[in-house]
Amino acid sequence: MIKKHYEMPDVIAGVATGAIAIGALTADALKLPFVYVRSSPKSHGLQNMIEGDLEKDQKVVVIEDLVSTGNSSLNAVKALRNQGAKVLGMGAIFSYGFDLARENFEKHDCPLYTLCDYHTLIEVAINKGYLQKSHQKQLEEWRKNPSDW
């Protein structure tokens with residue numbers, strides 16, 4: 001997915017903590033260095049938010065496990081950009097496809113590509129018999145506004 005959608009990065013960054021392993025595996029597969037980004041700076045030591053070697057102007061693709069609103073993912077992007085990285089975009093395993101997330105990624109000029117999304121999950125679950133087709137409308141209504149559900 002990274003090779004398809006982005007120029008080859010210099011570094012892969014995983015968002016702590018859920019995407020550290022996925023990001024490390026991705027970096028290994030691409031034979032690239034790996035860093036990870038915490039949600040906030042450490043409270044002791046150097047108080048780093050980014051762990052690993054990251055040089056100014058390096059091209060980075062950020063790896064995330066799950067994108068809902070995009071806020072925590074984009075905090076990692078912001079931290080990387082604040083350190084001088086050129087963030088090419090983000091790859092994630094799954095996204096709910098919330099409009100708010102799409103708007104947030106557009107606002108922060110950060111392309112997002114995912115391996116799977118909510119619509120695909122529901123479609124496959126129905127086709128495999130895990131869900132009844134009659135539940136699809138209700139599940140789509142939840143996705144439109146989960147905070148008010």
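So, here is what we can say about the structure in this document. Quantities reported herein were computed from a predicted structural model and do not represent experimental measurements.

Brief notes about the overall build of the protein
Link 1 in the chain: Helix and strand counts for the protein come out as six helices and six strands.
Link 2 in the chain: Reading the secondary structure of the protein in the N-to-C direction produces α-β-α-β-β-β-α-β-α-β-α-α.
Link 3 in the chain: The dimensions of the protein, computed from C-alpha atoms along their principal axes, are 55 × 30 × 25 Å.
Link 4 in the chain: Scored against the burial criterion, the 149 residues of the protein give a buried share of 36%.
Link 5 in the chain: Relative to all contacts within the protein whose residues are 6 or more apart in sequence, the contacts with residues 24 or more apart total 57%.

What about helix α2 (residues 20-30)?
Link 1 in the chain: Of all the residues in α2, the buried ones are Gly 23, Thr 26, Ala 27 and Leu 30. The arc that holds every buried residue of α2, seen down its axis, measures 100°, which confines them to one face. Opposite the packed face of α2, turned more than 90 degrees from it, sit the exposed residues Leu 25, Asp 28 and Ala 29.
Link 2 in the chain: Where α2 is buried, its residues meet α1 (2-5), β1 (11-15), β2 (34-37) and β4 (59-67).
Link 3 in the chain: Looking one or two places after α2, you find Lys 31, whose phi comes out positive at around 55°.

Notes on the nonpolar core
Where a protein is soluble and globular, its nonpolar side chains tend to be buried together.
Link 1 in the chain: If you look at the biggest cluster of nonpolar residues, it comprises 23 residues, and the most contacted ones within it are Leu 54, Val 60, Val 62 and Leu 80.
Link 2 in the chain: For this core, the secondary-structure elements that each account for two or more residues are β1, β2, β4, α3 (71-82), β5 (86-95) and α4 (99-107).
Link 3 in the chain: A total of five residues in this core trace back to one element, the largest contributor, which is α3.
Link 4 in the chain: One finds Tyr 6, Val 61, Ile 63 and Leu 88 within the second-largest nonpolar core, a separate group that totals nine residues.

What about the pattern of salt bridges?
Link 1 in the chain: Scanning all chains against the criterion turns up seven salt bridges.
Link 2 in the chain: Measuring nitrogen to oxygen at the nearest pair gives 2.9 Å for the salt bridge that ties Lys 59 to Glu 7. Here Glu 7 lies in the loop between α1 and β1 and Lys 59 lies in strand β4, a separation of 52 residues in the sequence.
Link 3 in the chain: The exposure class of Lys 59 is partly exposed, given its relative accessible area of 23%.
Link 4 in the chain: Salt bridges here are not isolated pairs; linked through shared partners, they connect Asp 99, Arg 102 and Glu 106.

Parameters and conventions
Residues numbered from 1 in each chain as written. Predicted model: local features only at pLDDT ≥ 70, side-chain atom pairs only at ≥ 80, totals over all residues. Heavy atoms only, no water. Helix = DSSP H or I, 4+ residues; strand = E, 2+ residues; numbered from the N terminus. Buried < 20%, exposed > 50% of the residue type's maximum accessible area, 1.4 Å probe, protein only. Contact = heavy atoms within 4.5 Å. Arc of directions from axis to C-beta. Core = buried A, V, L, I, M, F, W, Y, C linked by side-chain atoms within 4.5 Å. Salt bridge = Lys/Arg side-chain N within 4 Å of Asp/Glu carboxyl O.

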